[in-house]
Each structure stands twice: as C-alpha cells, then as structure tokens.
Amino acid sequence: MPSVNNVLASSAIALLAATAQGHMIMATPPPYGSPDNSPLVADGSNFPCKATSNSGGTVTNMAIGAPQKLSFLGESVHGGGSCQVSLTTDTPATKSSKWMVIHSIEGGCPAKNVAGNIGADNSASAPDPDTYSFAIPQGIAPGAYTLAWTWFNKIGNREMYMNCASIKVTGGPSKRDTYLNETDFAIPELPARDTPSFPAMFIANIPTTDCETADSKDVQFPDPGISVEKDGVPSDLTPPTGPQCGASGGSASSAPSSGSSSGAQAAAAPSGASSGGASAAPSVAAPAAAAPSAAAPAAAAPSVAASPAAASAAPPASGSSGGSASSSGTCSSAGTMICSSDGKQFAICGASGTAPVFEPVAAGISCTNGAIAAAKMKRSAKFARWLLD
C-alpha cells in the first residue's frame, strides 16, 4: 500500500505537469525550436523565445501589406488577455535583440468572449477556434526577421508567454521610385525625410517586481503602436504597474539600410536576463535606395478589427500637421495606399471596413493617386535645353 507521502508527491507531480502543459502554442506562423506551451520562467532567464534555436525551423514568407494569419493550438486560454506581434532583425533572437511591435491586440487574445478556458486540452493539440490577422507594415525593409508572439494572460498567475518564428519579408519599392540625382539640371535634391518607427515590445511579469499585469484584467499596453486591435471588454483594459512599465523607451529615429542590420537604440532585457523590463525600439526603413513611397513616414497597417470610429479618432503622429484633410481615394484592398485630398497625408488600408489612419508626408513630396512622388517643381531652362538636345 503506497504511503501518504508517496501519494502526495505523485499528486504534486501530476499537478505541476498539468500546469506546465496547460497553456497555448502559436500555430501560424509555425514557431521554431519546438517550444512547449509553458510561460517564460518567472526570472526571465529564457527570454526571448524560450531560449530555443531557429536551426531547421520553417521560414514563412510574408509580403509587405498582405494579410497574415495568427492562430494557436490549445484550449487553456485563461480568459484571453492581450497579445503583441513583434519583429527583430536578429536571426535567431538574443537577449540583446531590438524588437519592433507591428500589431497589438488588447483583450480577447488568444480567445474572444471567454470567461475561463475553452476546454480541457492540456496538451495544446486542439486548434483554437479564434484566429487573428496582421500585416507587415510599410517601412519594414525586405529581409530575414524573427517574429515573436507574446501573450499576457487575463486570469491566473501573472505570466508572459512567447513563441518565435523565422520569417522572410518580401516586397518593397520598385526601381522606378528610386532617387534621381537631378542637380546637374538645376533641380534641388529632396530634403531629408522622416523614417517610420515602431514601439518596443512590452515586457512584464519576468519578474513581476519590474512590471506586473493585473489579474482578471486585460493589460493595456503603454505604447501599442498604430496597428491596434481591441477584442475585449473596454472596461477590463488596465495599465500595468511597476518601475519598468514605461512606454518601452520610445521610438528611435535612425534606420538601418536593410532588413538584416540594425543601427537602432540598444535594448534592455528583463532583469532576470540582463536588466530593465522593456526593450528600446529600433526603427526600420526601406533600403538606402528606397522609394519616396516607402521612405515617407509610413504607418503600420491599421487595426484589422478596430472600429472605424476608433481609427478615425486616432491622434495624428508626431510631426503631423493635424489637419482635417479628407481622403481622395477609397480602400480597395489591405495594404494599398490612399491619399488625402490636399496631397499632404497618406494612409495604408487595413481590412475591409476599417477606417485608415492618415499620416503626413515629408516636406518636398506629395501623395497623389495612391503614390508618393516629389512635389512638382519648375524645371530650369538648362534642363529644358537638355531635353531638346
């Protein structure tokens, strides 16, 4: 007959096993490193990506502006919560990687309208019925990236979940949009243009002494970025608390020349891994010979689920004139560009029915008929004679 101590020990082991396997795994895009479905350890020592290797992992191609699917396996959704999709140019990601948030989901992730769990699948093999959509925004240069899904559960222990995937971003400016050096023809070069920037990944609960999310609430990210999806109850959104819960260090203004290099501000890893609670955000722009259309202050794709009223009420980005220009185009598909009637603002279309968020174009260029181009300037007589020769 087994002793009481043996019975208690066996029960404890079974409980721990159920707890470790009682969560979710990212299904699409496929994660690398064959991660289990447990959260990151509480001291942050296996941040990022659960310290797994990307060797042999599937590489998913993602075209700029095209809708991408985000799906999960498992039924232990802990009442949902809030999630983010972020990118880094490091392949694989490391503790010093700089992360860029391209989409935030506040509430209802990885499950919508759920008070607890959706089932008893502790092995994370059953498909999650709720799926989500995001897009690689304009301003991300083509190249190799590590994509991260991070999740802060609504109900249960204060934890942070993270899976990573290898992706290749495709698409970009066409050759016809590259700069033309016309100084020989008395035409001045375009002035320096703003580069797009993205907030840093939000980090919390590793450890909770740095930054902690509230139990039974959906965390409201300090800096969610432009592409924000709200799938939960608005009154349940609650900011995190703690000395490292700021807006993730703000945005950087410098930009690398390709998708495989960085050149942005240094990131701070969680205290269990290095120091701090959030990483500083890098900024990624189109390559050095990039088109005016890609190098204008591009915004991340608008929320795939945000209401038109919420999107249209968004405040203008830093440097925006804040004018009341109206659209001169209609969104026909996600990822397309539309222009304001005065040509001084542009927007990247999100999903059907989503109101676009307009951003100002840089000085010296304008948005016309869905494209960014140099503002019209009077050409010199020297240039006219050259054309006739």
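- The name given to the protein in an unreviewed UniProt entry is Lytic polysaccharide monooxygenase 9, and the organism recorded there is Imshaugia aleurites.

### Looking at the sheet that holds strand β14 (residues 359-360)
Then, in step 1: One open sheet holds the three strands; their spatial order is β12-β13-β14, and the pairing between them is antiparallel. Each end of this open sheet is capped by a strand with a single partner; those strands are β12 (337-339) and β14.
Then, in step 2: Sheet topology places β12 next to strand β13 (residues 345-348); three bridges connect them, and they run antiparallel. Pairing of I338 across the sheet is with A347, part of β13.

### Remarks on the sheet that holds strand β5 (residues 100-106)
Then, in step 1: As summarised here, the arrangement of the six strands in space is β2-β8-β7-β4-β5-β10, forming an open sheet in which the pairing is mixed. At either end of the open sheet lies a strand with only one pairing partner, and these are β2 (59-63) and β10 (228-230). Ignoring strand direction, the axes of neighbouring strands in this sheet form an average angle of 25 degrees.
Then, in step 2: Two strands pair when backbone bridges link them, and strand β4 (residues 81-88) and β5 are joined in this way by five bridges, in the antiparallel orientation.

### Structural notes on the packing of aromatic side chains
In this description, an aromatic ring pair is defined by two values, namely the gap between the centres and the angle between the planes.
Then, in step 1: A full pass over the atoms with the stated rule returns seven aromatic pairs.
Then, in step 2: With 5.5 Å between their ring centres and 65 degrees between their planes, F202 and F221 make a pair best called edge-to-face. Highlighted residues: F202 in the loop between β8 (161-170) and β9 (218-219) and F221 in the loop between β9 and β10, separated in sequence by 19 residues. An identical accessibility class is assigned to F202 and F221; each is buried.
Then, in step 3: Grouped by ring-pair contacts, the aromatic residues F72, Y132, W149, W151 and Y161 constitute a single cluster.

Conventions we followed
- Residues numbered from 1 in each chain as written.
- Predicted model: local features only at pLDDT ≥ 70, side-chain atom pairs only at ≥ 80, totals over all residues.
- Heavy atoms only, no water.
- Pairing = 2+ DSSP bridges.
- Helix = DSSP H or I, 4+ residues; strand = E, 2+ residues; numbered from the N terminus.
- Axes fitted to C-alpha atoms, helices over the stretch in contact; angles between N-to-C directions.
- Phe/Tyr/Trp six-rings, centres within 6.5 Å; stacked < 30°, edge-to-face > 60°.
- Buried < 20%, exposed > 50% of the residue type's maximum accessible area, 1.4 Å probe, protein only.

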